[in-house]
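For reference, the chains in residue letters:
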Amino acid sequence: MNKTTNKIRQDFLKFFKEKGHVIIPSSSLIPHNDSTLLFTNAGMNQFKEIFLGEKKSHHPRVATVQRCLRTGGKHNDLENVGYTSKHHTFFEMLGNFSFGDYFKQKAIEYAWELLTSKKWFEIPKNKLWVSVYKDDHETYKIWNNIIKIPSERIIRIGDKNNIQYNSENFWQMGDSGPCGPCTEIFYDYENKIIDNPLDFLENKNGRFVEIWNIVFIEFNRISNTKIISLKNKSIDTGMGLERISAVLQNVYSNYNIDIFQELIQNISKFSPLNNLNNVSLQVIADHIRSCVYIIADNITPSNEHRGYVLRRIIRRALRHGHKIGIKKNFFYKLVSSVIQIMGKTSDFLKEKQEKIEEILKIEEMQFSYTLDKGLKILNNEIKKINNNILSGKTAFYLYDTFGFPIDLTADVCREKNIKIDYTEYELSKEKQKKQSNINKKFHKNYNDKIIINNTCIFEGYKKNITKSLVKYIFVKNKSVENIKKNENGIIFLDKTAFYGESGGQIGDIGYLYSEKSSFMVENTKKYGKTIGHIGKLISGEITVNDSIYSQINEDYRHSIQLNHSATHLLHAALRKILGKNISQKGSLVTNKYLRFDFSYFRTIETSQIQKIENVINMNIRNNVKIETQELSLEEAKKKNAIALFDNQYSSIVRVVFINNFSIELCGGTHAKRTGDIGLFKIISQSSIASGTKRIEAVTGQKAIDYLHKTDNYIKDISLILNCNIFDIKEKTKKLTIIIKNLEEKIIQIQNKENTKNIKKLLKNITDIKGTKFLANIFYNYEHKLLRTIVDKLKEELKNVIIILINIKDNRFTVIVGVTKNLLNQITAIRIIDMITNETKGKGGGRDEIAEGGGVYTKKLPIILNNIKSWINKKLHKK
Ligand code: SER
């Protein structure tokens, strides 16, 4: 009887427990304290700081079963899924770790014992091959002399492109972080003995499968050119659970192991296909596991960052569902099956099942609208292709209009041996971004005086998409029957999912589209009782009375909603902390940040700002429902709802409740629960007029980004100052004192220097008609010091004209001083003018002292002589 995957997982941990290892739970898929990684991609991630010596481990040897995701960065297998039977986006990694405890020999002996001994995995020794890093003779000897692997089955792997450590047998977590040479153990899926080690390197038909990687962590990679040795040498090993299960269950493909077979059976129930080896089933099986675990770690689908990785995986899976003829929503129904196969270690998923299903269901419902249409367009385009290259414009159109991630389009194309013109794709993306900025500027001036007799029902409180009727079209501010490709215009509908900018909340973006056309909405504004969809027609033609879908960009709206609910919390918190007398003067709620203006006459202290943030974040953590009710104005007043009562309200008003903490009249759109806001952070506080204060704040991922930014900033400063972040203040104080002392010392030295120079200069003084005259050229002197010399000499000599020139870096500067008694005959500014005129330089100043400068010229001594003669003429005899 083969071992089940669950048993293999347990045995691995049992083995290492017997060898004195402490079993540590898997960490989250979202790496903590590590902005260099999008997702956890190896068992060692959670120990990064320990490897680097920044943190001490409570245990010198530990073992884990780590959930991992390889969908980006240095380790990316997304595109391999569906094309190999050995890769996954999500997988479990079995790992044992030693932190400065055992090293190479023990790590190898443990791995060998677990894999080959009768008590454990019992793999025949002659089925195993190993690779070592080319220069790692010590490891070679351990395998050869101690473990007794014949030398023909130990392969040395070198560097690629002659770049040091750029090797399959030098493991690196990412572009930076712990790394080191490694030795890998391979399972040979054929019995043939081969003599030529090159066959191993070629690995035709994937005969040799890497099952275990043992990394000797010895270095820290700082950048792509810098690597430093670590004080403690450690061990990091990783064995893919799915791969070792395939070996122990006598199957080649990971997708044929027990857990995948069960999952694939369940998926196939939704499809008319009978072939369980169909690749699309494997892709879906792989992708549903990723999605379940990513959502369990609190990521939701979106258009950026981790949320977009999730969205891409979901959409790729849905496309494969479509390919094998699944007609109904199915993806979310697989969650229970994943929880079932993953066994005890994933028990934590059970309580999250409902939430995961709900998130997947919504995403699936929304995408199925556009998947079908987009695929039709793509297939039509593919039929027309004659050079095996899909135009980047089409790929971009599918992305922009139908939400096709580029890898989904690439996946479809790859099946038909077609490549995408990625350069054109990027150019189209860039062009659209620019165009959209131009359009935005254009829309700012857009005529909002259009008056039309139309009422548009806003359905966007509950729906992100509506089926609507086109009522009016305006192009260049004129009502027209239709709008053509590339024309800018405003479209008015009978109902819409788009929110018309009002009450501080900005408008939405998205698309109006039908089978034959697509209009990109860049903003929406209110025009009386109707809403104008402002934008540009990007394909087809739209005519009055056309039936059309209005679909907002959900991520954009979602971010706006978080900021809107956060604005209500801020308003309530201000009243609580600063007093009920504050009154709202204005607000702006965008997808990026929120701004709130209010009257308050005193200074807001830092401690008050922190209290405000605390109150708001506490409400966020309480995750209360945000509810709306339509009430009569009277009822709303009775409930103490906050309103701008100088505004005109209708007799029935919409009231937004966040528990009893915030009750406010509002027509805007809001988050479902306060927890959705995630985090609230004030980023600026200012006074915009007497008695009017302004607060700007960010929420959700933007708030986290802001904290990361400031955190990195502080860390950079601490690196520059070479101290702990909490010592920055003290260290800066000390440095300020040191700088002050140094400045004083420099002044002392300069003064001494100057005194010497003045003594020398006194010897050069000549007499012109009873007035003292000094002209001197210095080389590479500090210009500042010349001024001191001029001041001193004027004070000492009382009746003097001084011209000091300094030549430095092919330029000259000049300072001229004239004592008061001479000003009716000669001024410093006059002399500066003479010098700068002759040298095409610049200058300025007062009668008594003036300065100038320009490009160095050999003429300077002659100019000085000429000035001397001029002075001679000008001065009256004493
Ligand atoms: N970190 C190594 C890997 O991921 C060994 O665990 O392959």
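Each remark here, short or long, concerns the structure printed above.
These numbers come from a predicted model, not from an experiment. (Residues numbered from 1 in each chain as written. Predicted model: local features only at pLDDT ≥ 70, side-chain atom pairs only at ≥ 80, totals over all residues. Heavy atoms only, no water.)

## Structural notes on the overall build of the chain
When helices and strands are counted, the chain shows 22 helices and 37 strands. Relative to the globule expectation of 29 Å for 878 residues, the C-alpha radius of gyration of the chain, 37 Å, shows a markedly less compact shape. Along the longest, intermediate and shortest principal axes, the C-alpha atoms of the chain span 125 × 90 × 60 Å. Residue burial in the chain is summarised as follows: out of 878 residues, 51% are buried. (Helix = DSSP H or I, 4+ residues; strand = E, 2+ residues; numbered from the N terminus. Rg over C-alpha atoms; globule rule 2.2 N^0.38 Å. Buried < 20%, exposed > 50% of the residue type's maximum accessible area, 1.4 Å probe, protein only.)

## Side note on helix α13 (residues 406-415)
Residues spaced three or four apart along an α-helix face the same direction, because each turn holds 3.6 residues. Most of α13 sits inside the fold, with eight of its 10 residues counted as buried. Of the residues making up α13, those classed as buried are I406, D407, L408, T409, A410, D411, V412 and C413. Directly beyond the C-terminal end of α13, a positive phi value near 60° is found at N417.

## With respect to helix α18 (residues 700-721)
Look at α18: 32 Å from first C-alpha to last across 22 residues, which is about the 32 Å you get at 1.5 Å a residue. Buried positions along α18 lie against β30 (680-689), β31 (692-699) and α19 (728-763). A positive backbone phi angle near 60° is found at N722, which sits one or two residues after α18. (Expected span 1.5 Å × (residues − 1). Contact = heavy atoms within 4.5 Å.)

## Thoughts on the sheet that holds strand β27 (residues 626-632)
Taken together, the three strands give an open sheet; going across it, the order is β27-β28-β29, and neighbouring strands pair in antiparallel fashion. Both edges of this open sheet fall to β27 and β29 (662-665), since each of them pairs with a single strand only. The sheet shows a mean angle of 25° between the axes of neighbouring strands, direction not considered. Alignment of β27 against strand β28 (residues 652-658), held across seven bridges, turns out to be antiparallel. In the strand pairing of β28, I626 is matched with I658. (Pairing = 2+ DSSP bridges. Axes fitted to C-alpha atoms, helices over the stretch in contact; angles between N-to-C directions.)

## Considerations on the nonpolar core
Membership of the largest hydrophobic core comes to 67 residues, with the highest contact counts inside it found for L263, I288, I294, F331, L360 and F404. When contributions to this core are tallied by element, the ones reaching two or more residues are α7 (258-268), α8 (279-296), α9 (305-323), α10 (335-341), α11 (353-384), α12 (392-402) and α13. With 11 residues, α8 is the single largest residue contributor to this core. Among all residues touching I288, those that are not within four sequence positions of it are L263, F331, L334, V335, V338 and L360. (Core = buried A, V, L, I, M, F, W, Y, C linked by side-chain atoms within 4.5 Å.)

## Let's talk about the environment of L52
On the secondary structure map, L52 appears in the loop between α2 (48-51) and β2 (61-69). L52 gets classed as buried once you look at its relative accessible area, which sits at 19%. Contact partners of L52, with chain neighbours within four places excluded, come to P178, N220 and L230.

## Overview of the packing of helix α15 (residues 554-578) against helix α16 (residues 606-622)
Contact pair α15 / α16: the axes reach a minimum separation of 9 Å and the direction vectors enclose 130°. By the criterion of interaxial angle, the relationship of α15 to α16 is oblique. Remark: the crossing between α15 and α16 carries right-handed chirality. Of α16, the residues touching α15 (which contributes L569, L570, A573, L574, K576, I577 and L578) are Q608, K611, I612, V615, I616, N619 and I620. Looking at the contact of α15 with α16 residue by residue, the classes come out as 10 nonpolar, two polar and two charged. (Parallel < 35°, antiparallel > 145°, perpendicular 65-115°, else oblique. Left-handed = near helix turned anticlockwise from the far one by under 90°. Nonpolar A, V, L, I, M, F, W, Y, C, P; charged D, E, K, R; others polar.)

## Description of the site of the ligand
The local shell around the ligand consists of A42, M44, R70, M93, W171, N213, V215, D236, T237 and G238. Here an oxygen atom of the ligand sits 3.0 Å away from a polar atom, N or O, in the side chain of N213. In the model, a nitrogen atom of the ligand is placed 2.7 Å from a nitrogen or oxygen of the D236 side chain. Notes on the ligand: free accessible area 230 Å², of which the protein chains cover 96%. It is strand β11 (residues 227-240) that contributes the most residues to the shell around the ligand, three residues altogether. Considered class by class, the residues forming the shell around the ligand number five nonpolar, three polar and two charged. (Near = heavy atom within 4 Å. Polar contact = N/O pair within 3.5 Å; in protein donor to acceptor, adjacent residues only side chain to side chain. Areas by Shrake-Rupley, 256 points an atom, 1.4 Å probe, with all protein chains shown as cover.)

## Examining the sheet that holds strand β25 (residues 583-589)
If you trace the four strands from one edge of the open sheet to the other, you get β25-β26-β31-β30, paired in antiparallel fashion. Each edge of the sheet is formed by a strand with only one pairing partner; in this case those strands are β25 and β30. Pairs of neighbouring strands in the sheet enclose a mean axial angle of 20°, with direction left out of account. Against the sheet, α15 touches β25, β26 (594-599), β30 and β31, its axis set at about 25° to β26.

## Some thoughts on the pattern of salt bridges
Summed over the entire model, instances satisfying the criterion amount to 38 salt bridges. Its salt-bridge partner being K7, residue D11 comes within 2.8 Å of it at the nearest N-O pair. Remark: K7 and D11 occur in helix α1 (residues 5-18); sequence separation between them is four residues, near one turn of the helix. Its relative accessible area of 36% is what places K7 among the partly exposed residues. Here K681 and E613 are joined by a salt bridge, their closest N and O atoms 2.9 Å apart. Residue K681 is found in strand β30, and its partner E613 is found in helix α16; the two are separated by 68 residues along the sequence. (Salt bridge = Lys/Arg side-chain N within 4 Å of Asp/Glu carboxyl O.)

## Structural notes on the side chain of R153
Tracing the sequence through the fold places R153 in the loop between α4 (137-146) and β7 (154-157). Buried charge without a partner: R153 forms no salt bridge, and the closest opposite charge is E152, 6.0 Å away. (Lys, Arg positive; Asp, Glu negative; His and termini not counted.)

## Some words on the packing of aromatic side chains
Two aromatic rings are characterised by how far apart their centres lie and by the angle between their planes. For the structure on display, the rule yields 38 aromatic pairs. When the centroid spacing of 6.4 Å and the interplanar angle of 85° are considered together, the rings of F15 and Y110 count as edge-to-face. With F15 in helix α1 and Y110 in helix α3 (residues 104-116), this residue pair connects regions lying 95 residues apart in the sequence. When the centroid spacing of 5.7 Å and the interplanar angle of 80° are considered together, the rings of F474 and F492 count as edge-to-face. You can see F474 sitting in strand β15 (residues 465-475) and its partner F492 sitting in strand β18 (residues 488-493), a full 18 residues away along the chain. Among the residues examined, F492 registers a relative accessible area of 0% and is labelled buried. These aromatic residues form a ring-pair network of at least three members: F12, F15, F16, Y102, Y110, W120 and W212. In this arrangement the basic side chain of K86 is found over the ring face of Y252, its NZ or CZ atom lying 4.8 Å from the centre. (Phe/Tyr/Trp six-rings, centres within 6.5 Å; stacked < 30°, edge-to-face > 60°. Lys NZ or Arg CZ within 6 Å of the ring centre and 35° of its normal.)

## Describing unusual backbone geometry
When glycine is set aside, most residues are seen to have a negative phi, and most peptide bonds are trans. In this model, N162 sits at a positive phi of 60°, which is unusual for a non-glycine residue. Taking relative accessible area as the criterion, N162 reaches 76% and is therefore assigned exposed. Even without being a glycine, K476 presents a positive backbone phi close to 45°. Mapping K476 onto the fold places it in the loop between β15 and β16 (478-480).

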